[in-house]
Amino acid sequence: MPLIAWDDRFSVGVTAVDHEHRELIGLVNETHERLKRPGADITVSNFLGEIYTRISAHFALEEKLMRASRYEHFSEHKADHEQLLDDIRDIMDDYEDRQVFDEERFAQRLATWFSDHFRTHDARLHHKLG
Amino acid sequence: MLKKIMRYSGQGLFYGLFVSVIGYFSVAPAYVHFPADQALIKVSFSHAGQPLEECRVRTAEELEKLPPNMRVPVVCGRERSPVKFELELDGELLYRAELPPAGLSRDGASTVYQRFAVPAGRYRLRTRLNDSVRVPDFNYTQETDVTVVPGQVFVVDFNAHTGGFVFK
Amino acid sequence: MLRYLVAQSGDEIFRRRALLKTIQRSGRLAFTLVEHAFDHAFGPRINPFYHLGALSFFFFWVVTASGIYLFIFFETSIEGAYRSVEYLTHEQWYLGSVARSLHRYASDAMVIVVLLHLAREFVLDRYRGVRWYAWITGVLLLWFLYASGIGGYWLVWDRLAQYIAVVTAEWFDWLPIFGEPMARNFLNNAAVSDRFFSLLSFLHIGIPLFLLLGMWIHILRISVAKTNPPRAIMIGTLLALTVLSALYPALSQGPADLDTVVSVVRPDWFYLALYPLIDVWSPGVAWGIAGGGTLLLMILPWLPRRREAAAAVVSLPNCNGCGRCFADCPYSAVIMLPRTDGLPYDSQASVNPDLCTACGICVGACPTATPFRRKTELIAGIDMPLLAIRTIREKTLTATTKLEGQDRVLVYGCQPGIDLTGLAQKGVGVLTLPCVAALTPSFIDFVITRHHADGVMLVGCAAGDCYHRLGVDWTEQRLAGQRDPYLRGRVPRERIATAWVAPSGAKRLTQALDAFRSRLRDMGPYQKGGSLPPPSASPSSNHGEVSDAAYRLG
């Protein structure tokens, strides 16, 4: 059962952006899967690093498109991106430094981190990007 | 505060140095291009020498062979003679040259530009020119007394239309 | 025999190269000494020596503006030329004279800064390899600059102009290109015509226009070219030149009279240094110096050729066309092209190896150049073959694993900047990059928040003088949250130090490092959540502001 399911509300109307959204959802779901398996430690770290890298690139592309279209809510959207990147780094560090690990809480944190942004900021982008 | 004063003084100093260098070297040091007590004789003219061959009249057969639009009766060769030139001051030869006609076909004018610095004073000036190989000696000659003052530019020119040398 | 010849020519090149290197080294020392003094007076951000090219542009504008004013009053006839300039100089002493003097002095200033600029770029070895283009165009521009200035003096038709006219004509007549000697136009007063004069006037507008065109061509291959010096310097130099113009106005040297020879002349040595040589030696020798000198300068980029380090390489699976490398490259070597690999992105980055100097700034801008271990191989969307991020990561770990204590610092420095070997000591690791901006901010995050060191120090060239032009600016803006990629707000700024120092700043650098480490000791180890509030993430148009690293030198 995937942690996050694709919802059409996640679509922004731009192929590249939607492609990356799907990729990221896939990564998050796979991370969630790997949590339960043995030898999870390194794998989960690797997956989190992969998510961080991919989402950094994704935000960069989205910001480029927003700037090009002179998107009216650019500043707020970008601020949210920066906050999200800080958050995912927090999640990564918490995982590395964990004494005790609560799987479900971790999974929820990851899912919320992702879908909240989608539901709010990205949804507003729909059809706004040239 | 003191630091600021030091900084601005430093800047002022460098600006001052910059514009002082500009101000000075834009007009100094002076340069003596030509001695003050001498005069300058400039020899310069542009004169086309006579053609090497005499102009001749084409015969009737030659004219027949030519296309109708090219039947010019008199034809002159293109190549010109070199111009021989001599300049003497008080009997001493100052300059002699054989000036070739300009151009690839050697049919342009012969030109000369030469400068001679001479002490100011009075001279007997003699110029001679030959502009045709078919004439044995110099066919233009001129002799004159000339007085040059310090700084004067004395020009030796030549204009066939006015009859020969022009001294200015 | 062939081997012997090759060995001999190798020796020749080696000797020539050694000679060039000696000249460069002594030149660099001379510049460093002078720049050090100017750094104290002006500070490294506005030190005029770091803005010589921009100053050339500035003086050009001053000359143009004053020239336009002069043009309004100038009469293009033999009689009118001298008279109109005299009118401006004496009757209009409050404005016309200042304009005329500014016109002269600013053009002299332009010669000074242009020649300094040429010398400096030579001494810093920024003329070979990829940068041959700017060098060659610059050398050719010198001829236009001199022609412009000399033409200007000609127009005044005073004794100096007479001298210039006659000597220039006689100089050009040495070349076998004229059917009739040009000097015949200046035989005596009767020979000069008003029409020739109009031609000169036309040339004095046309040649400077070509100079301007050339200046634009000269800066085509670099991005964000600085054509304005810092405002303080513009004001300062303009003020200084105006004061000079008011106190020491430019004057004419008596009306031209071709019937008399010019005896004593007061030349503008900035433009006319070669002219006495035409008299003293011969026109031929002068051509040798001018022509030969130009040719020698022009072949310098190939004496010897510079083999640039391998150009940056794009990895398409890791590139989504975000364009940050394109925005940051100082040499316009990265462009965005339509996608070729079928992925659903619009564009991809593409590197032109003929323009790439391997500075690595593009890697510093790439969002995928992060050191955190990942599922796929550690390759960035744009990467440097000689110092890939994989290697930077390894070297970072190697440099930090053996560090002990509570004041461990990792110093990232740059290869063209100050030598870092003097900093290596117990508790300090050192890593040199092609440029300090080749480091993605995520590496700073990695080192500090993953406990590899207690603090990170970034050492680069003096603030106004980044060898790769934009490295210091980009780094500061990334740290301050003004330029992508931002340093994560959660990274505590008090654990970051920046030091922008000239080669002469070794002692200050050591002191800064010691002070930094002392504060780190007081701070204790890094704890998550104990940082200052992150900087505002809104894009700011404030360029050139200092970073918000806590410790800033320079």
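Each chain has its residues counted from 1, running along the sequence as written. Think of it this way: whatever chain is written first is A, whatever ligand is written first is 1, and the rest follow in order. This being a predicted model, a pLDDT of at least 70 is required before a residue's local features are given, and a value of 80 or more before pairs of side-chain atoms are given or counted; all residues contribute to the totals for chains, interfaces and linings.

1. A short note on the packing of helix α4 (residues 96-123) of chain C against helix α5 (residues 132-155) of chain C
Residue and element names in this part refer to chain C.
Item 1. Axis lines are fitted through C-alpha atoms, for helices just across the contact stretch, and the angle between N-to-C directions can take any value from 0 to 180 degrees. Segments assigned H or I by DSSP are reported as helices when at least four residues long, segments assigned E as strands when at least two residues long, and all are numbered from the N terminus. Between α4 and α5, whose axes approach to 11 Å, the crossing angle comes to 160°. The pairing of α4 with α5 is recorded here as roughly antiparallel in orientation. Note that α4 runs across α5; the crossing there is left-handed. Here Ser107, Met110, Val111, Val114, Leu118 and Glu121 of α4 come into contact with α5, specifically with Trp135, Gly138, Leu145, Gly149 and Gly152. Angles below 35 degrees are treated as roughly parallel, those above 145 as roughly antiparallel, those between 65 and 115 as roughly perpendicular, and all remaining angles as oblique. Here a crossing is taken to be left-handed if its near helix is turned anticlockwise relative to the far helix by less than a right angle, and right-handed if that turn runs clockwise. Note on contacts: each residue gets a C-beta atom placed from the backbone, and two residues are in contact if those atoms are within 7 Å.

2. Concerning the sheet that holds strand β8 (residues 121-130) of chain B
All names here are of chain B.
Item 1. Here, any two strands with at least 2 DSSP bridges between them count as paired. Taken in spatial order, the four strands line up as β6-β5-β8-β9 in an open sheet, and their pairing is antiparallel. The open sheet has two free edges, formed respectively by β6 (92-99) and β9 (140-148), since each of these has just one partner strand. Recorded for the sheet is a direction-independent mean angle of 15° between the axes of neighbouring strands.
Item 2. The pairing of β8 with β9 spans nine bridges and is classified as antiparallel.

3. Comments concerning the pairing of strand β11 (residues 164-167) of chain B
All names here are of chain B.
Item 1. Inspection of the sheet shows strand β10 (residues 153-159) paired to β11 by four bridges, in the antiparallel sense. Bridging across to β11, Asp157 finds its partner in Val166.
Item 2. Here β10 hands over to β11 after four residues, with Gly163 in that stretch at a positive phi of 105°.

4. Concerning the interface of chain C and chain A
As a measure of interface size, the accessible area lost when the parts come together is often cited.
Item 1. Listed by partner, the interface residues are 29 residues for chain C and 26 residues for chain A.
Item 2. Here the residues of the side of chain C that touches chain A are counted per class, giving nine nonpolar, ten polar and ten charged. Only Asp, Glu, Lys and Arg are considered charged in this grouping, and only Ala, Val, Leu, Ile, Met, Phe, Trp, Tyr, Cys and Pro are considered nonpolar; every other residue, Gly among them, is considered polar.

5. Describing the packing of helix α2 (residues 52-73) of chain C against α4 of chain C
Residue and element names in this part refer to chain C.
Item 1. Interhelical geometry of α2 versus α4 gives an angle of 155° and a closest axis separation of 8 Å. Relative to α4, α2 is oriented roughly antiparallel. Crossing of α2 over α4 shows left-handed handedness.

6. A short note on the interface of chain B and chain C
Item 1. At the junction of the two partners, chain B supplies 32 residues and chain C supplies 38 residues.
Item 2. When contributions to the side of chain B that touches chain C are tallied by element, the ones reaching two or more residues are α1 (2-25), β1 (31-32), β2 (38-47), β7 (110-119) and β10 of chain B.
Item 3. The element contributing the most residues to the side of chain B that touches chain C is α1 of chain B, with ten residues.
Item 4. Pairing between β1 of chain B and strand β1 (residues 264-265) of chain C: two bridges, direction antiparallel. Bridging across to β1 of chain C, Tyr31 of chain B finds its partner in Val265 of chain C.

7. Some points on the domain arrangement of chain B
Item 1. Along its sequence, chain B is organised into domain 1 (1-31) and domain 2 (38-51 + 81-167).
Item 2. Bear in mind that the domain bounds are from an automatic or database domain assignment. Between domain 1 of chain B and domain 2 of chain B, the C-alpha centre-to-centre distance is 54 Å.

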